[in-house]
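Structure at a glance
The primary structure of each chain is shown beneath.
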Amino acid sequence: MRCAWDALLRILPPPLRQEVDRLGRDSLQELRLRLGGRIQLVCAEGARFLDLTATDQDLSFLVNAASRYSPWAAATAAKGYITAPGGHRIGLCGEAVVKDGIVTGIRSVTSLCVRVARDFPGIAARAAGLSGNLLILGPPGSGKTTLLRDLIRQISQRETVAVVDERGELFPSGFDTGGRTDILTGCGKAQGAEMVLRTMGPACIAVDEITAKEDCTALTEAGWCGVRLLATAHAASRTDLEKRSVYRPLWEARLFHTALILGSDKSWHAERMVV
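Everything quoted here is computed from the prediction, not taken from an experiment.

1. With respect to the sheet that holds strand 11 (residues 181–185)
Strand-to-strand pairing in sheets goes through backbone hydrogen bonds, with the strands running parallel or antiparallel. Taken in spatial order, the 7 strands make up an open sheet running 11-10-12-13-9-14-15, and their pairing is mixed. Either end of the sheet is taken by a strand with one partner, and the two such strands are strand 11 and strand 15 (268–272). This sheet shows a mean twist of 20° between the axes of neighbouring strands, independent of strand direction. Sheet topology places strand 14 (residues 258–262) next to strand 15; 5 bridges connect them, and they run antiparallel. Pairing of I261 across the sheet is with H269, part of strand 15.

2. A short note on the pairing of strand 3 (residues 38–43)
Most of strand 3 is tucked away, with 5 of its 6 residues classed as buried. As paired elements, strand 2 (residues 28–34) and strand 3 share 4 bridges and run antiparallel to each other. Within strand 3, the residue paired with L28 across the bridge is C43. If you look at the hairpin formed by strand 2 and strand 3, you'll find 3 residues sitting between the two strands, and G36 has a positive phi there, around 85°. Strand direction decides the pairing type here: strand 3 and strand 4 (residues 46–53), joined by 5 bridges, are antiparallel. Across the sheet, Q40 pairs through a bridge with F49, a residue of strand 4. Hairpin geometry of strand 3 and strand 4 is characterised by an intervening segment of 2 residues between the two adjacent antiparallel strands.

Cut-off values and rules
Residues numbered from 1 in each chain as written. Predicted model: local features only at pLDDT ≥ 70, side-chain atom pairs only at ≥ 80, totals over all residues. Heavy atoms only, no water. Pairing = 2+ DSSP bridges. Helix = DSSP H or I, 4+ residues; strand = E, 2+ residues; numbered from the N terminus. Axes fitted to C-alpha atoms, helices over the stretch in contact; angles between N-to-C directions. Buried < 20%, exposed > 50% of the residue type's maximum accessible area, 1.4 Å probe, protein only.

Structure representation (structure tokens):
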């Protein structure tokens, strides 16, 4: 298991660092700060509250340190999150700023959820030998990104994989990318898939978190060009996936051959989607 732990500690308010390091270095999954409430650590062995209350200064420090005031971070904050150095994701809640019906930012932040990025080399070894297009399914926090990361790494030992890593979460600095992996960051999945297909000549294209119909359209077009696809989507099961209209193009195109479905304990099993 690998983790950019020191990068995480640097974005935390100084009064928190020692306790978080002592209690969570090996097992912290989430750190939750709610304005005026006790700070919560969610570890593999369970959740606990610190005898520390989150202040407005704590929330501001963490947001500023995580974003480094970058325009890209500001843009993703409008979607409710920031990707911090090391691949750690910061979820935000507070007062949304809405313009013409579109959320353009979050102000007066009142809650933060820090999801710790950890790398587990080898967890996708069983899936690396599966043929066809693979779709990883699971609810938020189930380990989809972690499994996809290692799947890319395993497959790239024998063929070229182009990764559209929109938020820089799949392969942050210091994470092993594998033998034949090319990574495009900073642009959306739909545009990025078209770019790497045209310029990099990959055998596989990998994207994390299909969330929009344009993502499905871009992947379908790439799939019909003879490129293998690796992707993740928010769904607890194949039945759950079928109920969501955004994924209908994938079903109609019979695009993915196998689903890797994650359980609550982060184990996974494979189910055929196309016979």
